[in-house]
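Structural description and commentary
Here's the letter readout for the chains.
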Amino acid sequence: MEYSQVQVPKYDCLLFDLDDTLYPLSTGLATSVLKNIQAYMDEKLGIDESKIPDLCNLLYKNYGTTMAGLRAIGYDFDYDEYHSFVHGRLPYENLKPDPVLKSLLSSLPIRKVIFTNADKVHAIKALNRLGLEDCFEGIICFETLNPTHKSTASDDEDDTEFIGSTQSSTAVNGTSGVFDIIGYFSQPDAQPSGLPKTPIVCKPSESAIEKAIKIANIDPHRTLFFEDSVRNIQSGKCVGLDTVLVGKSQRVKGADYALESIHNLREAIPELWEADKIGNVSYTGSGVVAVETSVTA
Ligand SMILES: [Mg+2]
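Definitions and limits used
For every chain, the first residue of the written sequence is number 1, and numbering continues from 1 along that sequence. Per-residue local features are limited, in this predicted model, to residues with pLDDT of at least 70; the limit for side-chain atom pairs, both in listing and counting, is 80 or more; totals at the level of whole chains, interfaces and linings are taken over all residues. Secondary structure elements follow DSSP: runs of H or I no shorter than four residues count as helices, runs of E no shorter than two count as strands, and numbering proceeds from the N terminus. Each residue is classed by its C-beta neighbour count within 10 Å, where at least 20 other C-beta atoms makes it buried, 12 or fewer makes it exposed, and intermediate counts make it partly exposed; the C-beta atoms are placed from backbone geometry. Whether two residues are in contact depends on their C-beta atoms, placed from the backbone: they are in contact if these lie within 7 Å. In this description, the arc belongs to the directions extending from the helix axis to the C-beta atoms. As used throughout, a nonpolar core is a set of buried Ala, Val, Leu, Ile, Met, Phe, Trp, Tyr and Cys residues joined through C-beta atoms within 7 Å of each other. Per-residue confidence from the predictor is reported as pLDDT, which spans 0 to 100. An expected span of 1.5 Å times one less than the residue number is assigned to each helix. Note on method: axes are straight lines fitted to C-alpha atoms, helices fitted across the in-contact stretch only, with angles between N-to-C directions ranging 0 to 180 degrees. Each angle receives one of four descriptions, namely roughly parallel if under 35 degrees, roughly antiparallel if over 145, roughly perpendicular if within 65 to 115, and oblique otherwise. Crossings are assigned a handedness: left-handed for a near helix turned anticlockwise from the far helix by less than a right angle, right-handed for a clockwise turn. Here, strands pair whenever DSSP counts at least two bridges between them.

- Looking at an unreviewed UniProt entry, the protein chain carries the name Pyrimidine and pyridine-specific 5'-nucleotidase, with the source organism given as Salvia splendens.

Right under this line is the structure:
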């Protein structure tokens, strides 16, 4: 019988991005992150200030994170130092406990995993601030995807050896050793495929998402992936995940659902709660639902 399979829950794992997905942009964290990244490029890497905004854009666009891009074009720096510089001074006080989200998540008897490009310290701090630290089975973060790197912040000599304390990294690298990505893209026929590769594994690369799927031991076809980033959604779709764009009420290509806020989860995807009921489940193609900001919730 064709309806015999509706008793099986459609999803057995929910995979969540963290920043700007589990809390809104209005917290101002994203703005602070960008400001701190630019300050790092100026103060620690000695990059010409006038070039920083363009460089930042190009690196983020082509490499997934500015950090991955900086490594690709030839800057060498300590990952922990970068993360603590960028995340250390964020307005974490703007992240408040979210009991509504906590109870939504707790009411779902499905595996829940965090998948973020950020480092572990930031992920744990943000989840604690939101009061969501007990809601997830695990966190896949920068250190998980880039395991050759020592993840513990410390004062070990190993950590400091490439960063001269008196000389900027520009002096260490020499500007001549750095790939001029701004110049590269000023050529009319420049293709992203001609760019140097980064050693850093991060979203939206499909291989990063596949790696996360493997580490979490999940079936992408039975996993729902929540993200605020359109390109991450699209890569997620390519590797077989069902996808939920968070923070927008309009779906985009690659998104199965769109939620203005993660708080709209129950209204937008009620089948998550109903999955174990028998019958009365109709699949309308991709199961598309778009939800406007709820005024009643
Ligand atoms: Mg995000």
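1. Quick word on the overall build of the protein chain
- Scanning the protein chain from N- to C-terminus turns up 14 helices and seven strands.
- The buried share of the protein chain, taken over its 297 residues, is 32%.
- In the protein chain, the share of contacts with a sequence separation of at least 24, taken over all contacts with a separation of at least 6, comes to 69%.

2. Comments concerning the environment of P97
- If you trace the backbone, P97 turns up in the loop between α4 (79–88) and α5 (99–106).
- Between the C-alpha atom of P97 and that of L132, which follows or precedes it by 35 residues, the distance is 7.7 Å.
- With residues near it in sequence (within four places) discarded, P97 still touches L130 and G131.

3. A short note on helix α11 (residues 206–216)
- Taken together, the buried positions of α11 are occupied by A208, I209, A212 and I213. Each buried residue of α11 lies within a common arc of 140° when the element is viewed along its axis, so the set occupies one face. Exposed and facing more than 90 degrees away from the buried side of α11 are S207 and K214.
- Residues of α11 that are buried in the fold lie against β2 (111–115), β3 (138–140), α7 (142–145) and α12 (230–238).
- At the C-terminal side of α11, N217 shows a positive phi close to 55°.

4. Quick look at the nonpolar core
- Membership of the largest hydrophobic core comes to 62 residues, with the highest contact counts inside it found for L15, F16, F226, V244 and L259.
- Dropping the residues within four chain positions of it, V244 is found in contact with L224, F225, F226, A255, D256, Y257 and L259.

5. Some remarks on the confidence of the model for the protein chain
- Considering every residue of the protein chain, the mean pLDDT works out to 85; 80% of them sit at 70 or more.
- Of the regions scoring below 50 in pLDDT, residues 151–174 engages in 33 contacts with residues more than four places distant in sequence or in other chains.
- The low-confidence segment residues 278–297, where pLDDT is below 50, has 34 contacts with residues more than four positions distant or belonging to other chains.

6. Observations concerning the environment of K120
- Mapped onto the elements of the fold, K120 is located in helix α6 (residues 120–130).
- On the basis of neighbour counts, which here come to 18 C-beta atoms within 10 Å, the residue K120 falls in the partly exposed class.
- Between the C-alpha atoms of K120 and H83, which are 37 residues apart in sequence, the distance is 9.5 Å.

7. Thoughts on helix α1 (residues 29–43)
- Here α1 spans 20 Å end to end across 15 residues, near enough to the 21 Å set by a 1.5 Å rise per residue.
- What α1 keeps buried is the set L29, I37, Y40 and M41. For α1, the angular spread of buried residues about the axis comes to 115°, placing them on one side. Exposed residues pointing more than 90 degrees away from the buried face of α1 are listed as T31 and E43.
- Of the surrounding elements, those touching the buried residues of α1 are α2 (52–63), α3 (66–72) and α4.

8. A word on unusual backbone geometry
- The linkage connecting K203 with the following residue, P204, adopts the cis geometry, with an omega of 5°.
- Inspection of the secondary structure puts P204 in the loop between α10 (181–185) and α11.
- The backbone of D20 shows a phi angle near 65°, a positive value even though the residue is not glycine.
- Following the sequence through the fold, D20 ends up in the loop between β1 (13–16) and α1.

9. Here's the deal with the packing of α1 against α4
- Interaxial distance between α1 and α4 falls to 8 Å at its minimum, and their mutual angle equals 135°. In terms of axis orientation, α1 runs oblique to α4. Pair α1 / α4 crosses with right-handed handedness. Packed against α1, whose contacting residues are V33, N36, I37 and Y40, the element α4 presents Y82, F85 and V86 at the interface.

10. Topic: the pairing of strand β5 (residues 242–246)
- Within β5, five of the five residues are buried, leaving the element largely enclosed by the surrounding structure.
- Alternating residues of β5 divide into D242, V244 and V246 and T243 and L245, and every residue in both groups is buried.
- The pairing of strand β4 (residues 223–227) with β5 spans four bridges and is parallel. Paired with E227 across the bridge in β5 is L245.
- Sheet topology note: the β5/strand β6 (residues 257–259) ladder contains three bridges and is parallel. Each bridged residue has a counterpart across the sheet, and for V244 the counterpart in β6 is Y257.

11. Details of the pairing of β1
- Burial along β1 is two-sided: the face carrying C13 and L15 and the face carrying L14 and F16 are both buried.
- As judged from the four bridges shared by β1 and β2, these two strands associate in the parallel manner. Across the sheet, the residue bridging to L14 is K112, located in β2.

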